[in-house]
Amino acid sequence: MPLEDFLSDLESLESSAESAFRTAQDSQSLEAARVEFLGARSGRLKAVQKELGRLDRAEKPVAGKRFNEVKKRLESLYEEKKALLNQATTASSDKEIFDPTLPGRTFRLGHLHPITQTIETLKEIMGRLGFSVAEGPEVEDAWHNFDALHIPESHPARDPLDNFYLATASQQDENTLLLRSQTSTVQIRVMESTPPPVRIISLGRVYRPDTADATHYPMFHQIEGLLVDRQVTMADLKSVLRLFAVSYFGEEVHIRFRPSFFPFTEPSVEVDMSWHEGWIEMGGAGMVDPAVLSAVGYDPEEVTGFAFGLGVERICMRRHGITDIRELYRNDVRFLRQFP
Ligand code: FA5
């Protein structure tokens, strides 16, 4: 090969390699260009070097010198470009870490179930009215769920079809256990263990084999209230329930009593509330029946009292505009998340 041809091959290789290095946008394309031109085994510069060996002896010094210049130049062009690309990558990842305009990372925190929230609020409101919190077991005996509450053996409320007994009907005796059907059991437990005056609330689960529909569920919660002292009257009951309703719903709430019957209160009423919409039955209430006071060893000539029992789900649902009680127990976070 004549020297001129060698030199012109070398020159064209130099300019293509130069432009390949300069235009490489990222380290992958730069590496591809390096392999193509400077690759130790099959790079294009290597091929030119082989031609160098075949030149005439006299031409070799000139050609070799030029070859070395080109090789050095291309190697340093490659190194420069490599450093440049590395710098750009580091700079852009630094920017990502410190980019103050990115939205912060949010953590999805859980929160209390709406019924638990309602219970906490009700405890706080009644606490301000001087009521302390009492508790009782969810598995109850017939004495606390019925007998002491003046619900006789023959009363339909004791029907096996209306209660979750823990034994079959034929096995029932005075030790019969059942899942409590009302929180009124706690009235009895408190009065049995505490002399008057008492001023308590009790909040908890109760169980009834009711068919689930928009307003009923076989497990639900009640808030029970009991106040026994000297000269307690129906007016006290009404004012406490009104204060309770106003504290929970606000001044726009209306409350009304309808005459009713419960074996353990006399007189008895149904308590309805209206807030933005029509009336809704929240629960029952009344003056503690003297027979109940006697059953727990209180003197009905000395003290009188009032009691109430309201459905917590009803209170919570009205407050939040929930129209189906079953939503509360489907465990669907998309529903529950609406009540943070
Ligand atoms: C009682 O349970 C009485 N112990 C209330 C009481 C207490 C009266 C103290 C007098 C003195 P009642 O069965 O009506 O009463 O239930 C009270 C409230 O519980 C109802 O008004 C309703 O709000 C709620 N409730 C009853 N059954 C269900 C159910 N299956 N699902 C959801 N809530 C219910």
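Attention here is on the structure that accompanies the text.

Definitions and cut-offs
- Residues numbered from 1 in each chain as written.
- Predicted model: local features only at pLDDT ≥ 70, side-chain atom pairs only at ≥ 80, totals over all residues.
- Heavy atoms only, no water.
- Patch = residues over 30% accessible without salt bridge, like charges linked within 9 Å, V, L, I, M, F, W, Y side chains within 5 Å.
- Areas by Shrake-Rupley, 256 points an atom, 1.4 Å probe, with all protein chains shown as cover.
- Salt bridge = Lys/Arg side-chain N within 4 Å of Asp/Glu carboxyl O.
- Helix = DSSP H or I, 4+ residues; strand = E, 2+ residues; numbered from the N terminus.
- 1 Å grid on protein atoms, 1.4 Å probe; cavity = no way out; pocket = protein on both sides within 12 Å on 5 of 7 lines; lining within 4 Å.
- Points joined across faces, edges and corners; volume = space filled by probe spheres on them.
- Nonpolar A, V, L, I, M, F, W, Y, C, P; charged D, E, K, R; others polar.
- Pairing = 2+ DSSP bridges.
- Buried < 20%, exposed > 50% of the residue type's maximum accessible area, 1.4 Å probe, protein only.
- Near = heavy atom within 4 Å.
- Polar contact = N/O pair within 3.5 Å; in protein donor to acceptor, adjacent residues only side chain to side chain.
- Sits in = over half its atoms within 2 Å of the grid points.

Another point: a nonpolar patch on the surface. Taken together, the side chains of Val 139, Leu 166 and Leu 177 define a hydrophobic patch exposed on the protein surface, amounting to about 250 Å² of accessible area. Summarising the element assignment, Val 139 is placed in strand β2 (residues 139-141).

Here we take up the layout of surface pockets. The volume enclosed by the largest pocket comes to roughly 780 Å³. Contributing to the lining of the largest pocket are 39 residues, with Ser 181, Arg 208, Phe 220, Gln 222 and Phe 262 lying nearest its centre. For the lining of the largest pocket, the elements supplying multiple residues, two or more each, are α7 (184-193), β6 (219-229), β8 (265-274), β9 (279-288), β10 (304-311) and α10 (312-320). Taken as a whole, the second largest pocket spans an internal volume of roughly 260 Å³. The wall of the second largest pocket is formed by 15 residues, among which Ile 119, Leu 203, Gly 204, Arg 205 and His 221 lie closest to the centre. Counting residues per element, the ones that place at least two in the lining of the second largest pocket are α5 (114-128), β5 (198-207) and β6. Its residues placed into classes, the lining of the second largest pocket shows five nonpolar, five polar and five charged.

The next point concerns the sheet that holds strand β4 (residues 177-179). Working definition: the strands of a sheet are paired by backbone hydrogen bonds and lie parallel or antiparallel to each other. In space, the three strands of this open sheet follow the order β2-β4-β3, with antiparallel pairing throughout. The outermost strands of the open sheet, each flanked by one partner alone, are β2 and β3 (164-165). As paired elements, β3 and β4 share two bridges and run antiparallel to each other. Among the inter-strand pairings, Tyr 165 is bridged to a residue of β4, identified as Leu 178.

What follows covers the pairing of β5. Most of β5 sits out of view: eight of its 10 residues are buried. Where strand β1 (residues 132-133) meets β5, two bridges bridge the pair, whose relative direction is parallel. Bridge pairing in β5 places Val 133 opposite Ile 201.

The full set close to the ligand counts 25 residues, and Gln 182, Ser 184, Arg 208, Asp 210 and Glu 281 are the nearest of them. One of the side-chain N or O atoms of Gln 182 is found 2.7 Å from a nitrogen atom in the ligand. Between an oxygen atom of the ligand and a side-chain N or O atom of Glu 281, the distance comes to 2.6 Å. Here the ligand has 690 Å² of accessible area as a free molecule, and 93% of this is covered by the chains. Judged by the fraction of its atoms near the pocket grid, the ligand is located in the largest pocket. Looking at the shell around the ligand, the elements with two or more residues in it are α7, β6, β9 and β10.

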